[in-house]
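Survey of secondary and tertiary structure
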Amino acid sequence: MENEFGVLARVAGLFSGRGFNIESLTVNEDPLDPTVSRIVLVTTGDEQVLEQINKQLNKLVSVIKVADFKDVETIDREMVIVKVSVDERIRAELDSIVNAFRAHVIDIGPRAIAVEVTGDSEKIRAFIAILRPLGIKEVVRSGKVAMARTVQPNTENHGAARSRNSD
């Protein structure tokens, strides 16, 4: 999308006005082109609903390109920061969980520790679930960021094989 005032509000309005749910939403300025913002939006619906969403997004003047990742291999990540209540007994258990999930302790206090972890949605859910019995005080979770994988199965590889064989 063009990086201009009100674009995000128009996208959100499009969804709410038609009763579509946004499950996750992240927005950032493109580091390579500050005139562009990238929106990664996760939603669900049947084929007809998703097609309608795609068409409606493409009608917005500020939209440069809509990429539907439904049938595309992607790389996606989320980040979560979890603040956990701690005492001496919990600290050792928390340390082993942090190591197992390749997480990072980012803040330590006398009664709480904040831990950050990055990964796919399943890893984030599992991390939160395993910390829940320890006493979660607060959770802040980013939305999903995603991009298409560099090589897509059954597309680029087969095309490259054909061109080599035809020489």
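Residues numbered from 1 in each chain as written. Predicted model: local features only at pLDDT ≥ 70, side-chain atom pairs only at ≥ 80, totals over all residues. Heavy atoms only, no water.

1. Brief notes about the side chain of Ser62
Which entries qualify depends on this criterion: We count a stretch as a helix when DSSP gives it H or I for four or more residues in a row; a strand needs E for two or more, and each element gets its number in order from the N terminus. In what follows, a contact means two residues having at least one pair of non-hydrogen atoms within 4.5 Å.
Looking at the secondary structure, you find Ser62 in the loop between α2 (47-59) and β3 (74-85). Beyond its immediate stretch of four places on either side in the chain, Ser62 contacts Met1, Glu2, Glu4, Val7 and Arg10.

2. A word on the pattern of salt bridges
To keep things clear, this is the line we draw: Within this document, salt bridges are pairs made up of a side-chain nitrogen of Lys or Arg and a carboxyl oxygen of Asp or Glu, the two lying within 4 Å of each other. Burial status follows relative accessibility: with a 1.4 Å probe on protein chains alone, a residue under 20% of its type maximum counts as buried, one over 50% as exposed, and anything between as partly exposed.
On inspection of all chains with the given rule, the structure shows seven salt bridges. Where Lys70 meets Asp71, a salt bridge forms, and the shortest distance between an N and an O atom there is 3.2 Å. A relative accessible area of 66% places Asp71 in the exposed class.

3. Side note on the packing of aromatic side chains
Put simply, the rule reads: Paired rings are identified among Phe, Tyr and Trp, the last through its six-membered ring, by centres lying within 6.5 Å, and are further divided according to the angle between planes into stacked (under 30 degrees), edge-to-face (over 60) and tilted (the rest).
Under the counting rule described, the total for this entry stands at two aromatic pairs. An angle of 80 degrees between the planes, with centres 6.1 Å apart, marks the rings of Phe15 and Phe20 as edge-to-face. Ring centres of Phe101 and Phe127 lie 5.1 Å apart, and the angle between their planes is 65 degrees; on these two criteria the pair is classed as edge-to-face. One end of the pair, Phe101, is in the loop between α3 (88-100) and β4 (104-108); the other, Phe127, is in helix α4 (residues 121-135), with 26 residues separating them in the sequence. Here the two residues Phe101 and Phe127 agree in accessibility, since each one is buried.

4. Here we look at the environment of Arg10
How we decide: By the criterion applied in these results, polar contacts are pairs of N or O atoms within 3.5 Å in which, for protein atoms, one can donate a hydrogen and the other can accept it, and in which residues neighboring in sequence qualify only through two side-chain atoms.
Structurally, Arg10 is set in helix α1 (residues 7-17). Overall, the relative accessible area of 37% leaves Arg10 in the partly exposed class. With residues near it in sequence (within four places) discarded, Arg10 still touches Glu4, Phe5, Leu60 and Ser62. Polar contacts involving the side chain of Arg10 include one to the side chain of Glu4, which spans 3.3 Å.

5. What about the nonpolar core?
Where we set the bar: To qualify as a nonpolar core, a set must consist of buried Ala, Val, Leu, Ile, Met, Phe, Trp, Tyr and Cys residues joined through side-chain atoms within 4.5 Å.
Membership of the largest hydrophobic core comes to 18 residues, with the highest contact counts inside it found for Leu94, Phe127 and Leu131. Secondary structure elements with two or more residues in this core: β3, α3, β5 (112-119) and α4. Ranked by residues supplied to this core, first place goes to α4 with five residues. The residues contacting Leu94, other than those within four sequence positions of it, are Val84, Val86, Ile113, Val115, Leu131 and Leu134. Counting residues in each nonpolar core, the second largest holds 10 residues, with Val11, Phe20, Ile53 and Leu57 among its members.

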